[in-house]
Amino acid sequence: MAIEVVMPQMGADMTEGTLVRWLKNPGDSVARGDVIAEIETDKATVELEAFDAGVLRQVVAAEGDVVPVGEVIALLGDADEEMPEVERRAPSEKPNPRAVAAPTADGTGGDLDARRVRVSPVARRIADDAGIDLAEVTGSGPDGRILRRDVEEAIAVRDHHAPAGVPTVEPELPPPPPPPARVEPLSRMRSAIARNMTDAKQQQPHYYLTVDVDMTEAMAFRRHVNLVLHGPQRVSVNDLLVRACAVALAGHPKFNASLTDEGIQYHEQVDINIGVALDEGLIAPALLDVAARPLPEIAEESKALVERARAGKLRAEEYSSGTFTITNLGAYGIDVLVGIINAGQAAILGAGSVTERPAVVDGEIAVRQLMTLALSADHRVTDGAEGARFLKEIQTVLENPTRLSV
């Protein structure tokens, strides 16, 4: 029986996606879990995995097509099975991100697929809107990847370059007023962030709680375990936070829940989103099933997740899942970070930097390593007292770090 492959919904606000590239060709065998295509959403390029096995019999959507969520993009089946007729989408007006026009030797232009021009989705959209030929833009990113700033520089050069042969005429009138401030159109990712954060702030009544955590013992614990751990398993402060939240969420399931029309939906699995800063904006992919993972495995998977996010290789479930979020700006020296709850979740934890500060210990002033945590929670799902107990549990786990290894 023919199996339909449809455009997945990777995020509550996703209504369509762009099929960037097919990684399997018609006639190829496909196993369950194989990556068969790359899909571009508002905020990332995500790998699409096959949920069934078979032979890729028919490709319905072409590379570059913008496809609504739920629409068929391909058919899987047996090699000799008769396939049903599926109307092929007409090519969308959005250009194929793998094909970029470039001048040839005779100046007429050509196809640069062979050159495999690397360009970020935001840079490509800005170039398309401004009529910039990406073949004439030099990328400053890794492996020559064209970034947003490269396209903006090309636009500035073009707009400020006077055409040759035009005589300069001294104005007889007073000089014109200075030009208005530059207006930069919102990128697709920035538009999505603006929309999602506005909706979350307006529709979810937030309450906020903060606590100072004495991280002195936790930092000593981290140094100790990192003496025996190597490479990607070496533990960061954020890994300690992820593990502490996973432990605390087990006893406070309301903070691992979502509000639905039917009531509070409790999630059996703890999937924690962590913020990753890209050139185009901020995304928060999910570390999956962290409650079942030991600390070294969390550290290893966290590093791999960040690498996949920056390379545009996130898996669909990492982009669309998430039951709780941690946002951490401690690496930038920020003391307090109060976050906005992600849509479909009940809370977000903001973390600042670990700094040496005076604290009262056994009635005396001592220098301790302190970190401020800020909990933002949805008042429709929990109350302040519940939030206080949950935040206190996270504090207790971090201040007694042997619980992190249990």
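Use the structure listed above.
Criteria and thresholds
Residues numbered from 1 in each chain as written. Predicted model: local features only at pLDDT ≥ 70, side-chain atom pairs only at ≥ 80, totals over all residues. Heavy atoms only, no water. Pairing = 2+ DSSP bridges. Helix = DSSP H or I, 4+ residues; strand = E, 2+ residues; numbered from the N terminus. Salt bridge = Lys/Arg side-chain N within 4 Å of Asp/Glu carboxyl O. Buried < 20%, exposed > 50% of the residue type's maximum accessible area, 1.4 Å probe, protein only. Core = buried A, V, L, I, M, F, W, Y, C linked by side-chain atoms within 4.5 Å. Phe/Tyr/Trp six-rings, centres within 6.5 Å; stacked < 30°, edge-to-face > 60°.

**Observations regarding the pairing of strand 22 (residues 364-378)**
- Relative to strand 22, strand 11 (residues 206-214) runs antiparallel, the two sharing 9 bridges. Of the residues in strand 22, the one forming a bridge with Tyr207 is Ala377.
- Pairing of strand 20 (residues 347-351) with strand 22 involves 5 bridges; the strand directions are antiparallel. Paired with Ala347 across the two strands is Ala377, which belongs to strand 22.
- Judged from the 7 bridges that link them, strand 21 (residues 355-361) and strand 22 form a sheet pairing that is antiparallel.

**A look at the pattern of salt bridges**
- By the definition in use, this model includes 19 salt bridges.
- Note that Arg21 and Glu38 form a salt bridge whose closest N and O atoms lie 3.1 Å from each other. Within this pair, whereas Arg21 is found in strand 2 (residues 16-22), its partner Glu38 is found in strand 4 (residues 35-40), the two being separated by 17 residues in sequence. For the pair formed by Arg21 and Glu38, the shared burial category is buried.
- The shortest N-O distance in the salt bridge between Arg315 and Glu49 comes to 3.9 Å. You can see Arg315 sitting in strand 18 (residues 314-315) and its partner Glu49 sitting in strand 5 (residues 45-49), a full 266 residues away along the chain.
- The network of salt bridges with common partners includes Glu49, Glu301, Arg308, Arg315 and Glu318.

**Comments concerning the sheet that holds strand 3 (residues 29-30)**
- On the basis of which strands lie adjacent, the open sheet formed by 4 strands has the order 1-8-6-3 and antiparallel pairing. Sheet topology places strand 1 (3-6) and strand 3 at the edges, where each strand pairs with a single neighbour.
- Across 2 bridges, the pairing between strand 3 and strand 6 (residues 54-59) is antiparallel. Along strand 6, the bridge assignment pairs Val30 with Gly54.

**A few points about the sheet that holds strand 5**
- An order of 7-2-4-5-18 is seen for the 5 strands of this open sheet, with the pairing classed as mixed. Each edge of the open sheet is held by one strand with a lone partner, namely strand 7 (66-68) and strand 18.

**Points about the nonpolar core**
- Among the nonpolar cores identified, the biggest contains 87 residues, and Ile73, Leu373 and Leu398 are the most heavily contacted of them.
- Among the nonpolar cores identified, the runner-up in size contains 5 residues, and Val60, Val72, Met83 and Val86 belong to it.

**Brief notes about the packing of aromatic side chains**
- Counted according to the given criterion, the structure contains 2 aromatic pairs.
- When the ring of Phe324 is compared with that of Phe390, the centres are 5.8 Å apart and the planes differ by 85 degrees; the resulting orientation is edge-to-face. Taken together, the positions of Phe324 in strand 19 (residues 324-328) and Phe390 in helix 8 (residues 384-399) put the pair 66 residues apart, joining distant regions of the chain. In terms of burial, Phe324 and Phe390 fall into one category: buried.

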